[in-house]
Amino acid sequence: MSATFQWSESNGVSETVTDGISNLNFGSVDSPNLSPSSYPIVAGQNSFEKFIRAKFSGSFTEISNMKFWKSSGDYKTGEVIKAAANVSYSTPTSSTSIIATSDIPTSEGSALSIQASDGNSKITSPGYTKYICLQLQTTASTPAGSLNTKTFTFQYDEI
Amino acid sequence: MDIEIKRPKLKLTWHAYFNDNTHIDQYNVVTNTENPFQTVLDKFDKLVLFELTHLYKPLTIKVDVLNGNILINNSTFILNKYPKHNIRLIYFRRNKVDIDVKGEAFNHRVFYFIGYQYNTSKGENRKVILVVDQEGNMSIGDDHDF
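Residues numbered from 1 in each chain as written. Chains lettered and ligands numbered in written order. Predicted model: local features only at pLDDT ≥ 70, side-chain atom pairs only at ≥ 80, totals over all residues. Heavy atoms only, no water.

### Side note on the overall build of chain B
A tally of regular secondary structure across chain B gives one helix and twelve strands. What you see in chain B, going N to C, is helices and strands ordered as β-β-β-β-α-β-β-β-β-β-β-β-β. Out of the 146 residues belonging to chain B, those deemed buried represent 48%. Just so you have it, chain B exposes about 7,800 Å², and 51% of that area is on carbon and sulfur atoms. (Helix = DSSP H or I, 4+ residues; strand = E, 2+ residues; numbered from the N terminus. Buried < 20%, exposed > 50% of the residue type's maximum accessible area, 1.4 Å probe, protein only. Areas by Shrake-Rupley, 256 points an atom, 1.4 Å probe, with all protein chains shown as cover.)

Right, here's the structure in full:
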């Protein structure tokens with residue numbers, strides 16, 4: 001068998017892990033697969049942080065060269081997504097993140113390099129990567145209404 | 001809503017041939033099992049030919065590890081005729097998985113990197129890599145492309 005890939009998100013004080021999330025919607029609640037219209041972000045405020053990981057299951061020889069970046073989707077005025085890679089889990093907050101403090105890379109060339117959960121650059125048995133922390137931040141000048149759809153890409157090499 | 005996202009079905013599968021007249025196929029159609037690439041790595045010093053075959057199109061790409069040639073549908077693609085030393089197979093699958101913010105679209109793309117690396121007479125390391133997508137479209141690149 002080759003590797004099976006899933007996105008995983010962690011939430012809550014005691015960390016509830018949800019494997020196989022279906023989207024990465026940001027909002028005003030700490031929850032996976034949330035509906036943005038139900039949990040809008042007030043202009044000038046931040047989304048709750050997202051702590052996501054890649055999960056590899058099945059049978060494979062080696063996963064390597066793991067990268068993560070925002071591959072498409074323009075920002076609106078005052079909007080930015082902050083990111084940090086290879087961090088530990090922390091209870092998500094909507095205060096300005098002290099973990100995700102850098103603008104997320106927007107090209108493969110500057111992508112975040114992602115480590116296995118043990119800190120190695122390669123995964124040789126089923127498991128997770130380290131956490132990626134994301135937060136969508138806005139300013140008072142961010143226009144009301146839906147933001148543009150963004151796409152994030154996770155890349156890995158498998159043998 | 002939890003959705004398990006599995007990798008796309010691989011459309012190109014490998015076959016490895018060794019100098020002890022044995023071979024290993026990625027898929028054993030009799031037992032319906034898949035051999036991990038580790039089984040090739042375990043006999044890497046005996047590898048003489050590595051082949052990728054498209055399941056649905058008439059496309060076969062072979063790497064002649066003995067001589068440093070790539071054969072596409074049995075036509076030889078010769079990079080150059082300079083001596084090649086210490087020829088080693090290059091093979092891996094590059095996966096790109098997307099997830100959307102706002103929306104639920106996923107996109108899992110697979111690219112096959114196949115070729116070889118060798119040392120020149122001056123000891124320099126060179127790589128020859130073909131990149132093939134799931135539909136069999138090919139590009140010449142290096143391991144930083146795609």
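Additional details are given in the paragraphs that follow.
### Details of the overall build of chain A
Secondary structure assignment for chain A yields zero helices and ten strands. Element order for chain A, N to C, with α for helix and β for strand: β-β-β-β-β-β-β-β-β-β. Here the C-alpha atoms of chain A give a radius of gyration of 16 Å, agreeing with the 15 Å that 2.2 N^0.38 yields for 159 residues. A principal-axis box enclosing the C-alpha atoms of chain A has dimensions of 50 × 35 × 25 Å. Every one of the 159 residues in chain A was classed for burial, and the buried ones make up 50%. Counted over contacts in chain A with a minimum sequence separation of 6, partners at least 24 positions apart contribute 76%. Split by element, the accessible area of chain A, about 6,200 Å² in all, is 48% carbon and sulfur. Seen as two clouds, the 10 positive and the 13 negative side-chain charges of chain A have centres 3 Å apart. (Rg over C-alpha atoms; globule rule 2.2 N^0.38 Å. Contact = heavy atoms within 4.5 Å. Lys, Arg positive; Asp, Glu negative; His and termini not counted. Charge placed at Lys NZ, Arg CZ, Asp CG, Glu CD.)

### Quick look at the pattern of salt bridges
One side chain can pair with another of opposite charge once the charged atoms of both are near each other. Enumeration over the complete set of coordinates arrives at 14 salt bridges over all chains. A salt bridge links E79 of chain A to K150 of chain A; the nearest nitrogen and oxygen atoms lie 2.3 Å apart. Taken together, the positions of E79 of chain A in the loop between β4 (63–72) and β5 (80–87) and K150 of chain A in strand β10 (residues 150–158) put the pair 71 residues apart, joining distant regions of the chain. No difference in accessibility class separates E79 of chain A from K150 of chain A, as the two residues are buried. The salt bridge involving D103 of chain A is made with K82 of chain A; its shortest N-O contact spans 2.7 Å. Of this pair, D103 of chain A sits in strand β6 (residues 102–103) while K82 of chain A is found in strand β5, placing the two residues 21 residues apart along the sequence. The structure contains a network of salt bridges with shared partners spanning K11, K57 and E135 of chain B. (Salt bridge = Lys/Arg side-chain N within 4 Å of Asp/Glu carboxyl O.)

### Regarding the interface of chain A and chain B
Taken together, the contact between chain A and chain B spans 35 residues of the former and 33 residues of the latter. Taken together, the two surfaces of chain A and chain B that pack against each other cover about 2,900 Å², and 48% of this comes from carbon and sulfur. Summed over the three residues of chain A that lose the most area to chain B, namely S22, T61 and I159 of chain A, the buried surface amounts to 17% of that side. Counting across the chain A and chain B interface gives three salt bridges. (Buried area = accessible area lost by both parts, 1.4 Å probe.)

### What to know about the packing of aromatic side chains
Residue and element names in this part refer to chain A. For the structure on display, the rule yields 21 aromatic pairs over all chains. With a centroid separation of 5.5 Å and 35° between ring planes, the pair formed by F5 and F154 is classed as tilted. Taken together, the positions of F5 in strand β1 (residues 3–11) and F154 in strand β10 put the pair 149 residues apart, joining distant regions of the chain. The residues F5 and F154 share a single accessibility class, namely buried. (Phe/Tyr/Trp six-rings, centres within 6.5 Å; stacked < 30°, edge-to-face > 60°.)

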